[in-house]
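An overview of the molecular structure
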Amino acid sequence: MAIKKYLILLLFVSVNLCSQTFIGNLNPFPSTEKLQLANDTLKILAVMVEFQEDKYDATYGNGKFGSIYTGENKTRKDILDPLPHNTEYFSNHLEFAKNYFKKVSNNNLNLGFYILPQVITVSKEMREYSPAVNSNDFSAMGNFCQEVWTTIDTSTNFIDFNQYDLFVIFHAGVGRELNTPGSLGNDKDLPSVYLGSKAFKEIYGQQFAGFPVEGGSFQITNTIILPETESREVETFNGNYLIELTINGLIVASIASHLGLPDLYDTESGLSRIGRFGLMDGQSIFAYMGLFPPEPSAWEKIYLGWEIPTTISVGEHNVNLVNYLIAQGGDTTLLKIPINSSEYFLVENRKRDALKNGSILNYIVDDLQYTKTFKRDTTGYLYYDVDSISGVVIDVDEFDWALPGYELEDKIGDPFDDIGLLIWHIDENIIQSKIENNEINNDKNNLGVRLIEADGIFEIGEEFYTLIGDRVVGEGTKEDTWYSSNPAEFYENEFGLNTKPNTNSNNGSKSLITINNFSEINNTMSFDVKFGYENFELLKSTHFNLLNNNSELSYLHIQTNDQKLYLLNNKNLYRLNIDGQIQKTINDFSNLRPAVSSHNTVNLILGVVENKLNILHTEGLLDTCITFLFSDSITANPVFRNFDQDTIYFSLGISNGRLFNIGYNVIEKRIYISDSNQIILDQSINQILYNSYSLITYVSSDNHLWNTSGLLLNIPEKIIHSIATIDKNNQNVLVLLSEDNIFYVIQENYILETFKVLSNVPLTSFTLADIKKDGDNYIVLNNGKKIEAYNLNGALAENFPFYDPLKIGFTGLPLTTDVDDDSYLDIIATTIDGRIIVLNPQKGTEFSLSPIYSGAKISSTPI
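Residues numbered from 1 in each chain as written. Predicted model: local features only at pLDDT ≥ 70, side-chain atom pairs only at ≥ 80, totals over all residues. Heavy atoms only, no water.

**Concerning the overall build of the chain**
Looking only at helices and strands, the chain features nine helices and 53 strands. Residue pairs in contact within the chain that sit at least 24 positions apart in sequence constitute 59% of those at least 6 positions apart. Only carbon and sulfur atoms are counted for the fraction: they give 47% of the accessible area of the chain, which is about 35,100 Å². (Helix = DSSP H or I, 4+ residues; strand = E, 2+ residues; numbered from the N terminus. Contact = heavy atoms within 4.5 Å. Areas by Shrake-Rupley, 256 points an atom, 1.4 Å probe, with all protein chains shown as cover.)

**What about the environment of G775?**
Tracing the backbone shows G775 in the loop between β45 (767-769) and β46 (778-782). For G775, a relative accessible area of 33% gives the class partly exposed. Taking the C-alpha atoms as reference points, G775 and D727, 48 residues apart in sequence, are found 7.4 Å from one another. Dropping the residues within four chain positions of it, G775 is found in contact with K728 and D770. (Buried < 20%, exposed > 50% of the residue type's maximum accessible area, 1.4 Å probe, protein only.)

**Focus on helix α4 (residues 139-155)**
The end-to-end C-alpha distance of α4 is 24 Å, a good match for the 24 Å that 17 residues give at a rise of 1.5 Å each. Within α4 the residues assigned to the buried category are M141, G142, F144, C145, E147, V148, W149 and I152. (Expected span 1.5 Å × (residues − 1).)

**Quick look at the sheet that holds strand β41 (residues 719-726)**
To summarise the sheet geometry, strands pair through backbone hydrogen bonds and adopt either a parallel or an antiparallel arrangement. Pairing in this open sheet of four strands is antiparallel, and the strands run β41-β42-β43-β44 from one edge to the other. Sheet topology places β41 and β44 (750-756) at the edges, where each strand pairs with a single neighbour. For this sheet the average axis-to-axis angle between neighbouring strands, irrespective of direction, equals 15°. Inspection of the sheet shows strand β43 (residues 742-747) paired to β44 by six bridges, in the antiparallel sense. Paired with Y744 across the bridge in β44 is T754. (Pairing = 2+ DSSP bridges. Axes fitted to C-alpha atoms, helices over the stretch in contact; angles between N-to-C directions.)

**Here's the deal with the sheet that holds strand β32 (residues 622-629)**
Strands sit in the order β29-β30-β31-β32 across an open sheet of four strands; the sheet is antiparallel. The open sheet is flanked by β29 (595-599) and β32, the only strands paired with a single partner. Recorded for the sheet is a direction-independent mean angle of 20° between the axes of neighbouring strands.

**Side note on the packing of α4 against helix α5 (residues 197-204)**
With their axes 9 Å apart at the nearest point, α4 and α5 run at an angle of 110° to one another. As the angle between them shows, α4 and α5 are arranged roughly perpendicular. By crossing handedness, the relation of α4 to α5 is classed as left-handed. Taking contact as the criterion, the partners of S139, G142, N143, C145 and Q146 in α4 are, on α5, F200, I203 and Y204. When the residues that make up the contact of α4 with α5 are grouped by side-chain class, the tally is four nonpolar, four polar and no charged. (Parallel < 35°, antiparallel > 145°, perpendicular 65-115°, else oblique. Left-handed = near helix turned anticlockwise from the far one by under 90°. Nonpolar A, V, L, I, M, F, W, Y, C, P; charged D, E, K, R; others polar.)

**Considering the environment of P801**
Looking at the element boundaries, P801 is found in the loop between β47 (786-791) and β48 (802-803). The spacing of P801 and K785 is 16 residues in sequence and 9.7 Å in space, taken between C-alpha atoms. For P801, the contacting residues outside a window of four places in its chain are K786, I787, E788 and L796.

**Considering the packing of aromatic side chains**
Evaluation of the coordinates by the stated rule reveals 34 aromatic pairs. A ring pair is formed by W299 and Y303, whose centres lie 4.8 Å apart and whose planes are at 25°; its orientation type is stacked. Here the residue W299 and the residue Y303 both occupy positions in helix α8 (residues 298-303), the gap between them amounting to four residues, near one helical turn. With respect to class, W299 is no different from Y303; both count as buried. (Phe/Tyr/Trp six-rings, centres within 6.5 Å; stacked < 30°, edge-to-face > 60°.)

**Here's the deal with unusual backbone geometry**
Here the residue pair L83 and P84 is connected by a cis peptide bond, since its omega of 5° sits within 30 degrees of zero. By secondary structure assignment, the location of P84 is in the loop between β1 (41-50) and α3 (87-104). Phi at E214 is positive, roughly 55°, even though this residue is not glycine. Mapped onto the secondary structure, E214 falls in the loop between β5 (211-213) and β6 (218-220). Of note, the phi angle at N493 is positive, near 60°, even though the residue is not glycine. Inspection of the secondary structure puts N493 in the loop between β20 (471-473) and β21 (494-495).

**Structural notes on the side chain of E125**
The topology assignment puts E125 in the loop between β2 (110-121) and α4. Classification of E125 as buried rests on a relative accessible area of 18%. A polar contact of 2.9 Å, which involves the side chain of E125, links it to the side chain of R127. Those residues within four positions of E125 in sequence are excluded, and the remaining contacts are F51, Q52, E53 and D54. (Polar contact = N/O pair within 3.5 Å; in protein donor to acceptor, adjacent residues only side chain to side chain.)

**Thoughts on α5**
Considered for burial, the residues of α5 that qualify are A199, F200 and I203. Down the axis of α5, the smallest arc covering the buried residues is 95°, so these residues share one side. Buried residues along α5 sit in contact with α4, β4 (193-195), β5 and β7 (223-227). Just downstream of α5, G205 is the residue with a positive phi angle, here 100°. (Arc of directions from axis to C-beta.)

**Concerning the pairing of strand β17 (residues 420-427)**
Each regular strand shows side chains that alternate between the opposite faces of the sheet. Of all eight residues in β17, eight are buried; the element is thus mostly enclosed. Across three bridges, the pairing between β17 and strand β18 (residues 449-451) is antiparallel. Along β18, the bridge assignment pairs H425 with R450.

**Observations regarding the confidence of the model for the chain**
When the pLDDT values of the chain are averaged, the result is 84; 85% of them are 70 or greater. pLDDT under 50 marks residues 1-20. Its contacts with residues more than four places away, or in other chains, come to 48 contacts. Here residues 379-384 is modelled with pLDDT under 50, and outside its nearest four sequence neighbours on either side it reaches 24 contacts, counting other chains as well. (pLDDT = per-residue confidence, 0-100.)

**Structural notes on the side chain of N572**
Its location among the elements puts N572 in strand β27 (residues 572-577). Among the polar contacts listed, one links the side chain of N572 to the backbone nitrogen of D588, at a separation of 2.9 Å.

**Brief notes about the packing of α3 against helix α6 (residues 248-259)**
Between α3 and α6, the shortest axis-to-axis distance is 9 Å and the interhelical angle comes to 60°. Between α3 and α6, the angle falls in the class oblique. Viewed along their axes, α3 and α6 form a crossing whose handedness is right-handed. Packed against α3, whose contacting residues are H93, L94, F96, A97, Y100 and F101, the element α6 presents N248, I251, V252, I255, A256 and L259 at the interface. For the contact of α3 with α6, the class distribution of residues is 10 nonpolar, two polar and no charged.

Below you can see the structure in the form of structure tokens.
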């Protein structure tokens, strides 16, 4: 024991380097499909394997179990992973894995295991199965697996391989995944890896179906390769010194790879990326010298299907978040805050000692089980010194005791069981694009799973050097969590637009999300969430369940005076209040886009289905739906024209080419034909335009344009969309969009201009607006990955086109309005991934707070 105390400084430096120099991938060729288990039980078959004896300097030991220990270490029982390394020893380690997954999965995953009692000896020395350093060629290790399972199949008593899901090899020696000072090198040790079906197909080709056993009736398609221990003797100026590193963390991380979890450290450099705040990071795998890792992070649990987060809606909220170990039914334990369609924040309340009973360990030495309780971190129970633990730890009451806590220099009496709120920034685009190569967190500037470090220093995985040249790597501390009294220099008790760190998306776009007013650390913690900022307040989200969730919403009308929202989904009309609560549903209301109008205290919404005209008459909270039948199908959206004291006038067109001008009396709630001015076409009416400036009604069929006086002109292509207005000289102007993206500008019944817009997709709509404040209208449209504006001669307006900076593309119709009250129209455009971009047409630039993220994909044209 004396030598351990004497060399405590060396031990600290050694393990600090160990945990940050995690080499290679636990899962070099991960599958993008998560594992599906029968009855949520994972059955493991494990085998102990030795090599031909060698004296090679680039491996630890000679290839036989126990040969890595020399001298007194061969008989010591006060160390981690003491000899003998036999069936009982490995069974204890698997018992730890069983207990770990049962707890962290909330009883969703059970482990069963069997270890063959005999040791298998392969035909070669270890070095002959070891891949070259930094190589992705795992052929030698594949051959090692094949030899092991073939040998077992042919030389042992009958084993029903079909009863097992996962196959594990425990081999003599240590793993190559760690670099430690004082060693003579371990270049030819075997790396610890999980090789699944995808890995074996990389080795043997896509035709690989598994290693055949039982006469070919079963195929083994996966293997975990693990060492007997990670402890190792190193040379020091005082002789050999034993660094104690156990394999519990490595075992559970390898099993998690089989379950489908990717590595969350930098698999190229080995540097930490999430610290000891989740499972799949070298810091966590070797927390407390590998005794036990913390629980998986929020994202890891969600990814494996063990947790379902509560998704918060746009608006303002006060949240109480409860640690899951003490939560009751209905408590929120995990919160999801959408940033855009692929990014979101996850917030969880993590505690080292939620049960307030210290850290209770169960461990086995020489087949005897012991229990030890630690009320706080002590000199014998820090993550760099496990002096008072020996044998194999088989269970811990709370695995999150491995989270970062206070250091020893804190005064006696401080609460050593705290941690706080963790906020994770998740980017599913990065995850999906990089998971196949197990590189989710290799780019430190664009992490797929990133812990938002509350202290604003961003130290996890960063390399620093002391004045004397020693390398130090940031590990993460409790100050990376969110709580009101966090003493960090940059901490503001707020996470928002202008804080460090901020709530921007990974590309720098503003989410306008603010999370603040974090409470003190407790099993239940509170904080506020707000969407919006100054002049860019976002409306409350109207999340609700519709009968047809796959169809897009057609947003119709917001009635601001009494805060009502009307929208159409799958022909059904819904009225909601501003909190998203459905107040009324009218089924089968319209299969065309309805018309909306208000007159005094009455609101009207017109919808059509086949030959039915539906009128929703609303006064206050009183709704009346009136239906009128026509002899033929209604084919053109109703269009409101004007109104007098008690009557609102509108037009509609039907399939026999007749135009009906109709009046609706709001007092009597009845309709009548207002005049006999009906245009008769030789084909169905597709669109009606009413120019309120000149009181002229236009109608169009597929390629004919009419007004109340008769046929105006024929268009060679099918008419898609039309807008009627007047120009600065008070002349009637009609702009038509036809098939093949051709625009027609018609002035006083004559075609003034014709031009075609080049686009890779068919254009379906456009906006007409005086965006330059020069008295002329411009055609504003969404052209895929750019917003364009044309004058009525077909020339691009100055400062256009405007390209989507992310090259994802726009969706829906651009809107024009004066956002900043400077008397100039601005353009609001929405992107496929949920960004709201506000443009200044005078400068061709975005507003300072643009883009704003809506929190999800945008499925329809904004109001």
